Amino acid sequence: MPLDLDLNSFSSNHHLLTTNTMSSQTTVDIPQSIKDTLRKFRFARRNEGSAALVIKINKAKLIMEEVEQFDNISIEELAEELPENSPRYVMLSYELTHKDGRKSFPLVLINWSPSSSEIGLLTLHASALINFQNTADVSKVIEVRDGAEGLTKEAIDAKLLAA
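Residues numbered from 1 in each chain as written. Predicted model: local features only at pLDDT ≥ 70, side-chain atom pairs only at ≥ 80, totals over all residues. Heavy atoms only, no water.

Novice: Can you walk me through the sheet that holds strand 3 (residues 88–93) in this structure?
Specialist: Within a sheet, each strand pairs with its neighbour through backbone hydrogen bonds, oriented either parallel or antiparallel. Across the sheet, which stays open at both edges, the 5 strands sit in the order 2-1-3-6-7 with mixed pairing between neighbours. Strands at the two margins of the open sheet, each flanked by one partner only, are strand 2 (63–70) and strand 7 (140–144). Averaged over neighbouring strand pairs, the angle between their axes works out to 25° when direction is ignored. In this sheet, strand 7 lies alongside strand 6 (residues 107–112) in parallel orientation, the contact comprising 5 bridges. Bridging across to strand 7, Trp112 finds its partner in Val144. Packed onto the sheet, helix 4 (residues 119–136) meets strand 1 (51–58), strand 2, strand 3, strand 6 and strand 7 and runs at close to 30° relative to strand 3. (Pairing = 2+ DSSP bridges. Helix = DSSP H or I, 4+ residues; strand = E, 2+ residues; numbered from the N terminus. Axes fitted to C-alpha atoms, helices over the stretch in contact; angles between N-to-C directions. Contact = heavy atoms within 4.5 Å.)

Here it is, written out as structure tokens:
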């Protein structure tokens, strides 16, 4: 049996999908107060320990909000502070010890998106990720979907030292 494809309807449906996808990228607002907090966090001088800035999306208002900041926190402590059923963006200034003994403090974005989160919130979180990453001006993103088990010092070291 020959297949009968209507390329005109495919083309117009594809255009609708693309248009909807493009418009959903800017649905969550990043207020100036969050931008200012990100800037201060980014340029803070650190010479020991890791620091974290936790941001969430307020689904009702469609804006990003600061949840909490942590100074000198271990990765395991941070993992315990993050919710089991709700996505977060975590800006992390991470104390990384290199193989030759040098220390550096790379800025990393942890995309905390537990698989047990509500699907609608995960979708909203995913759609705003690139905008947040660009606003935070961070290039290294670490995805964590399996909760506290996936956020360990060993996992972060492995990802950062492999680069």
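Novice: In this structure, what is going on with the packing of aromatic side chains? I would like to understand it.
Specialist: Each aromatic ring pair is described using two quantities: the centre-to-centre distance and the angle formed by the ring planes. Applying the stated criterion across every chain yields a total of 1 aromatic pair. When the ring of Tyr89 is compared with that of Phe132, the centres are 4.7 Å apart and the planes differ by 15°; the resulting orientation is stacked. Of the two residues, Tyr89 is situated in strand 3 and Phe132 in helix 4; the sequence distance between them amounts to 43 residues. Relative accessible area serves as the criterion here: at 0%, Phe132 is assigned to the buried category. (Phe/Tyr/Trp six-rings, centres within 6.5 Å; stacked < 30°, edge-to-face > 60°. Buried < 20%, exposed > 50% of the residue type's maximum accessible area, 1.4 Å probe, protein only.)

Novice: I keep staring at a negative patch on the surface and nothing clicks. Help me out?
Specialist: On the surface, a cluster of negative charge is contributed by Glu66, Glu68, Glu76, Glu77, Glu80, Glu81, Glu84, Asp146, Glu149 and Glu154. A per-element tally of the negative patch places helix 3 (residues 75–81) first, with 4 residues. Mapped onto the secondary structure, Glu149 falls in the loop between strand 7 and helix 5 (153–162). (Patch = residues over 30% accessible without salt bridge, like charges linked within 9 Å, V, L, I, M, F, W, Y side chains within 5 Å. Areas by Shrake-Rupley, 256 points an atom, 1.4 Å probe, with all protein chains shown as cover. Salt bridge = Lys/Arg side-chain N within 4 Å of Asp/Glu carboxyl O. Lys, Arg positive; Asp, Glu negative; His and termini not counted. Charge placed at Lys NZ, Arg CZ, Asp CG, Glu CD.)

Novice: How should helix 4 be read in this particular structure?
Specialist: Three or four residues apart is the spacing at which side chains of an α-helix point the same way, because the helix has 3.6 residues per turn. In a regular helix each residue adds 1.5 Å, so 18 residues correspond to 26 Å; helix 4 covers 25 Å between its end C-alpha atoms and thus fits that length. Taking the largest bend as the criterion, helix 4 deviates by roughly 40°, centred on Leu129. Downstream of helix 4 by a residue or two, Asp137 has a phi angle that is positive, lying close to 55°. (Expected span 1.5 Å × (residues − 1). Bend = angle between axes of the 7 residues up to and from the residue.)

Novice: Where do I start with helix 2 (residues 32–43) in this structure?
Specialist: Its 12 residues give helix 2 an end-to-end C-alpha distance of 17 Å, which sits within 8% of 16 Å, the value for a rise of 1.5 Å per residue. Of all the residues in helix 2, the buried ones are Ile34, Thr37, Leu38 and Phe41. End-on view of helix 2: buried residues confined to an arc of 100°, all on one side of the axis. Opposite its buried face, helix 2 presents the exposed residues Gln32, Arg39, Lys40 and Phe43, each directed more than 90 degrees away. Where the residues of helix 2 are buried, they touch strand 1, strand 2, strand 3, strand 6 and helix 4. (Arc of directions from axis to C-beta.)

Worth remembering: the numbers are spatial, not functional.
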